[in-house]
Amino acid sequence: MVLLAFINACDDGNLTQEDISFDQVNTQRCTNTSSNNTLLYKLKDQEALIMEIPNTSIVTELTAANDTIELDISATSNRVVYRFYNGAVATDNICETIAPATPIITEQWTATSGIIQIVTTDSKSTNETTGATRIDGYNHNIVLKNVTFEKPNGTQVYETFSFGNYTTSITSLKLNFDQTLEKCTSSNDVYNNNASEALILTIDPNLILNEATPLNTPRTGLIGTSSNILTYKLFTGGVLTGDYFCQSITPTTPTVSEQWNGVAGVSNVSGIIEVTTTTNVPGSYKHTIVLKKVSLQKGIVSFSLGNSYTLGDVYTTSN
């Protein structure tokens, strides 16, 4: 991290370092700050670079590519300070309510004006075998624009000041299901769930006919927005059971904490549903549903279920 476009400096000649440089230093976050603010910091030997911003600035809901959060810097809110100590500085010196008596702050530069810009992007991992991707977390790139630091003897102004990156991890999207699906009798919903998550497909009934499909010739459809609607939901505040589904009025508990929606498919390219129907007992049918190159999306963030994802088996009987 380098301070670029150094415009002006007034200095008393006693500082051993004019520029703030934390190139190889990771951004850390205090875990014991108030519920309303986030305290980010970087430590290097006897120096600390500290930023206090609202919790809402660290987002994981992205609605537009390169969407930028901008915060006005002042001495009392959206604060940025650069400190010198008379000894090695540690996390306790920054985050503890009652900071250790040593080392002592020997000098502080306080940002009095400027803008904090934060651009958040998602971070993904890819399974090279299956083609599936998962969201690991989010990267928050933080840059200060036209920032003025008040020093003990004068000011120092920077046109562009790269604070650096801060990474947040997220709860893993497990999709930890068996392959036995349930089907609502009152609707075309088929679903699979565990105690905290569910995959729900509102399927075209023409895909699960009580007729065996020819060998290697499954029925096919596309993920859509009015038919073959795929939804992935995560829940909190209770244990998710089968009683949640197929209700005329959706229960209020457990609470949906996240919802990812299937991306509309493109014929022969993506978002493909394949259903293979077999029968071993007269009047009884097993429908195996496979999703090919299907993605799920929340805001502008998406992940892929992979080249071929077996949603599971649903059983029906003929009258």
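Counting of residues starts from 1 at the beginning of each chain's written sequence and follows it residue by residue. Only residues with pLDDT of at least 70 get local features here, since the model is predicted, and only at 80 or more are side-chain atom pairs given and counted; chain-wide, interface and lining totals rely on the full set of residues. The basis for the side-chain values is all heavy atoms of the structure; hydrogens and waters are excluded.

**A closer look at the side chain of Thr-160**
Turning to step 1, where the next piece is worked out: Helix and strand definitions here come from DSSP, where helices need a minimum of 4 consecutive H or I residues and strands a minimum of 2 consecutive E residues; each element is numbered from the N-terminal end. If you trace the backbone, Thr-160 turns up in strand E9 (residues 154-169).
Turning to step 2, where the next piece is worked out: A polar atom in the side chain of Thr-160 sits 3.4 Å from the side chain of Lys-145. Any pair of N or O atoms that falls within 3.5 Å is considered a polar contact. Within protein, one atom must be able to donate a hydrogen and the other to accept it, and sequence-neighbouring residues count only if both atoms are side-chain atoms.

**A short note on the pairing of strand E8 (residues 133-151)**
Turning to step 1, where the next piece is worked out: Where strand E7 (residues 105-126) lies against E8, 15 bridges are found, and the strand directions are antiparallel. Bridge pairing links Ser-113 to Thr-148 in E8.
Turning to step 2, where the next piece is worked out: Criterion used throughout: strands pair if DSSP finds at least two bridges between them. Here E7 folds back onto E8, and the loop between the two strands holds six residues, one of which, Gly-131, carries a positive phi near 80°.

**Points about the confidence of the model for the protein**
If pLDDT is low for a region, its predicted coordinates should not be looked at in detail.
Turning to step 1, where the next piece is worked out: In the predicted model, the protein carries a mean pLDDT of 90, and 93% of its residues have values of at least 70.
Turning to step 2, where the next piece is worked out: Across the chain, each position has a pLDDT score giving the predictor's confidence in that residue, from 0 to 100. Pairs of residues are marked as contacts when any of their non-hydrogen atoms sit within 4.5 Å. Within the model, the stretch residues 1-17 combines pLDDT values under 50 with 53 contacts to residues more than four positions away or in other chains.

**Points about the sheet that holds strand E17 (residues 284-292)**
Turning to step 1, where the next piece is worked out: Spatially, E13-E16-E17-E20 is the arrangement adopted by the four strands of the open sheet, whose pairing is antiparallel. Taken across any chain shown, the strands that pair with only one partner, and hence form the sheet edges, are strand E13 (219-222) and strand E20 (309-317). Between one strand axis and the next, the sheet turns through 25° on average, direction left out of account.
Turning to step 2, where the next piece is worked out: Strand direction decides the pairing type here: E17 and E20, joined by eight bridges, are antiparallel. In the sheet register, Leu-291 faces E20, and the bridge partner there is Tyr-309. Axis angles are defined between N-to-C directions and span 0 to 180 degrees, where every axis is a line fitted to C-alpha atoms and, for a helix, only to the segment in contact.

**What about the state of the cysteines?**
Turning to step 1, where the next piece is worked out: Cysteine sulfur atoms that come within 2.5 Å of each other are treated as a disulfide pair. For the structure on display, the rule yields two disulfides.
Turning to step 2, where the next piece is worked out: In this model, Cys-30 is linked to Cys-95 through a disulfide, with the two sulfur atoms separated by 1.9 Å. Its torsion about the S-S bond being -75°, the disulfide of Cys-30 and Cys-95 is classed as left-handed. Placement of the pair is Cys-30 in the loop between strand E2 (28-29) and strand E3 (37-44) and Cys-95 in helix H1 (residues 91-95), with a sequence separation of 65 residues. With respect to class, Cys-30 is no different from Cys-95; both count as buried.
Turning to step 3, where the next piece is worked out: For Cys-184, the disulfide goes to Cys-246, at an S-S distance of 1.8 Å. Sign of the S-S torsion, about -85° for the bond between Cys-184 and Cys-246, identifies this disulfide as left-handed. Linking Cys-184 in the loop between strand E10 (182-183) and strand E11 (189-193) with Cys-246 in the loop between strand E14 (229-236) and strand E15 (255-262), this pair joins segments that are 62 residues apart in sequence.
Turning to step 4, where the next piece is worked out: We classify Cys-246 as partly exposed; its relative accessible area is 36%. Between buried and exposed lies partly exposed: a residue is buried under 20% and exposed over 50% of the maximum accessible area for its type, with that area taken using a 1.4 Å probe on protein chains only.

**Structural notes on the nonpolar core**
Turning to step 1, where the next piece is worked out: Ranked by internal contacts, the top residues of the largest apolar core, which has 30 residues, are Tyr-232 and Ile-289.
Turning to step 2, where the next piece is worked out: Breaking this core down by element, the ones donating at least two residues are E8, strand E12 (197-202), E14, strand E16 (272-278), E17, strand E19 (301-304) and E20.
Turning to step 3, where the next piece is worked out: With residues up to four places along the chain from it excluded, the contact list for Ile-289 reads Leu-181, Val-190, Leu-201, Ile-203, Ile-273, Glu-274, Val-275, Tyr-309, Thr-310, Leu-311, Gly-312 and Val-314.
Turning to step 4, where the next piece is worked out: Counting 25 residues, the second-largest nonpolar core is a separate cluster that includes Ile-20, Phe-84, Ile-142 and Tyr-166. We call a set of buried residues a nonpolar core when its members are Ala, Val, Leu, Ile, Met, Phe, Trp, Tyr or Cys and they connect through side-chain atoms within 4.5 Å of each other.

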